[in-house]
Amino acid sequence: MTSRAARASRGAALFDVDGTLVDTNYLHTLTWWQALRRHGHDIPMSRIHRAVGMGADRLLDAVLGERRQRSEDSAIADAHGTLYAVWYENLRPFEGATELLRAVAARGWRVVLASSASEEEVAAVRGLLDADEVIEAATSGGDVDATKPAPDLVETALEAVGAEPEDAVFVGDTVWDVEAAGRAGLPCIGLLTGGTSRAELEDAGAVLVCEDAMTLLRRIDTSPLSRPPR
């Protein structure tokens, strides 16, 4: 199926990137931990990991509290970006991630990357996926005022391809993905590759939970991604 055929469908398949398509969540945990320590905040990695998947604004709210000294937010986020960039050449897509994107497009879905990460980080992992021919649009945290679990980023991703919530499906790996999709009116498929448990994803409202991208690829024709609306 060509990209022209994909555009003929109303259906949009939105994919989170970190932890869903590319194995990065624990690297984000480590580099946020390092960035926070540089600014005098000794936060357990377990707490940081549970906030990964949010944009920088929400993550810092979660780990430092909303009454924190916000004047240092930009410096902490910049430090995280610099520390994380060191890992770019070591990043790897999950097995089956690229094939999943292509299989979804072949079924007529318009593929959109819907990430809360920075534009630079999204560009870095998008290059690894080697699937630009089927990716019609991509968002980053800089495209919205409020990142996941707010619905803004999901809504922006839908607008990028002119899709309605009832014609779309979201695929993510954190409760923040599931919550953002739900607030925007989309069903969400959860993957376990980000380190969030099946029970947590199901409790948040995921309509299907798979071990990884490869498992979802194998189950695609019995999943919500089997056939888009026309």
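Everything below is about the structure printed above this text.
This section reports on the structure supplied with the text. On a predicted model such as this, the values are computed, not experimentally measured, just so you know.

**Thoughts on the overall build of the protein**
Alright, step 1. A tally of regular secondary structure across the protein gives 11 helices and six strands.
Alright, step 2. Whereas a compact globule of 230 residues would reach a radius of gyration of roughly 17 Å, the protein reaches 17 Å, a difference of no more than 12%.
Alright, step 3. Taking the principal axes of its C-alpha atoms as reference, the protein extends roughly 55 × 35 × 30 Å.
Alright, step 4. Counting only residues that meet the buried cut, the protein has 54% of its 230 residues in that class.
Alright, step 5. For the protein, the share of sequence-separated contacts (at least 6 apart) that also reach a separation of at least 24 residues comes to 68%.
Alright, step 6. Working note: accessible area of the protein is about 10,000 Å², and carbon and sulfur atoms make up 46% of it.

**A short note on the state of the cysteines**
Alright, step 1. As enumerated under the stated definition, the model contains zero disulfides in all.
Alright, step 2. The structure places no disulfide on Cys188, whose sulfur is separated from the nearest cysteine sulfur, that of Cys210, by 11 Å.
Alright, step 3. By relative accessible area, Cys188 is classed as buried at 1%.
Alright, step 4. The class of Cys210 is buried, set by a relative accessible area of 0%.

**Considerations on the environment of Leu60**
Alright, step 1. In this fold, Leu60 is placed in helix α4 (residues 56–64).
Alright, step 2. Residues Leu60 and Trp33, spaced 27 residues apart in sequence, show a C-alpha to C-alpha distance of 11 Å.
Alright, step 3. The residues contacting Leu60, other than those within four sequence positions of it, are Trp32, Leu36, Gly65, Arg68, Asp73 and Ile76.

**Overview of the layout of surface pockets**
Alright, step 1. Here the largest pocket defines a volume of roughly 490 Å³.
Alright, step 2. Every residue lining the largest pocket is counted, 30 residues in all, and those nearest its centre are Ala56, Ser116, Ala117, Ser118 and Glu121.
Alright, step 3. Of all the secondary-structure elements, those providing two or more residues to the lining of the largest pocket are α2 (25–38), α4, α5 (73–85) and α7 (119–129).
Alright, step 4. Its volume calculated, the second largest pocket comes out at about 160 Å³.
Alright, step 5. Forming the walls of the second largest pocket are Asn25, His49, Arg50, Val52, Thr174, Val175, Trp176, Gly194, Gly195, Thr196 and Glu200.
Alright, step 6. Counting residues per element, the ones that place at least two in the lining of the second largest pocket are α3 (45–51) and α9 (175–184).

Reading the values: the criteria
For every chain, the first residue of the written sequence is number 1, and numbering continues from 1 onward in sequence order. Two thresholds apply to this predicted model, a pLDDT of at least 70 for residue-level local features and 80 or more for giving and counting side-chain atom pairs, whereas whole-chain, interface and lining totals are computed over all residues. The basis for every side-chain value is the complete set of heavy atoms in the structure, and neither hydrogens nor water enter the calculation. Helix and strand assignments follow DSSP, with helices taken as H or I runs no shorter than four residues and strands as E runs no shorter than two, numbered in order from the N terminus. Both definitions apply: the radius of gyration is a C-alpha atom measure, and the globule rule equals 2.2 Å times residues to the power 0.38. Three labels apply to residues, based on accessible area from a 1.4 Å probe with only protein chains included: buried if under 20% of the type maximum, exposed if over 50%, partly exposed otherwise in between. Whether two residues are in contact is decided by their heavy atoms: any pair within 4.5 Å suffices. Residue exposure ignores everything except the shown protein chains as possible cover, and the areas themselves are Shrake-Rupley values with a 1.4 Å probe. Put simply, a disulfide is two cysteine sulfurs that come within 2.5 Å. Every definition here rests on a 1 Å grid over the protein atoms only: cavities are sets of points where a 1.4 Å probe fits but cannot get out, pockets are open sets enclosed by protein on both sides within 12 Å along at least five of seven lines, and lining residues have some atom within 4 Å of a point. Grid points are joined across faces, edges and corners, and a volume is the space filled by probe spheres set on the points.

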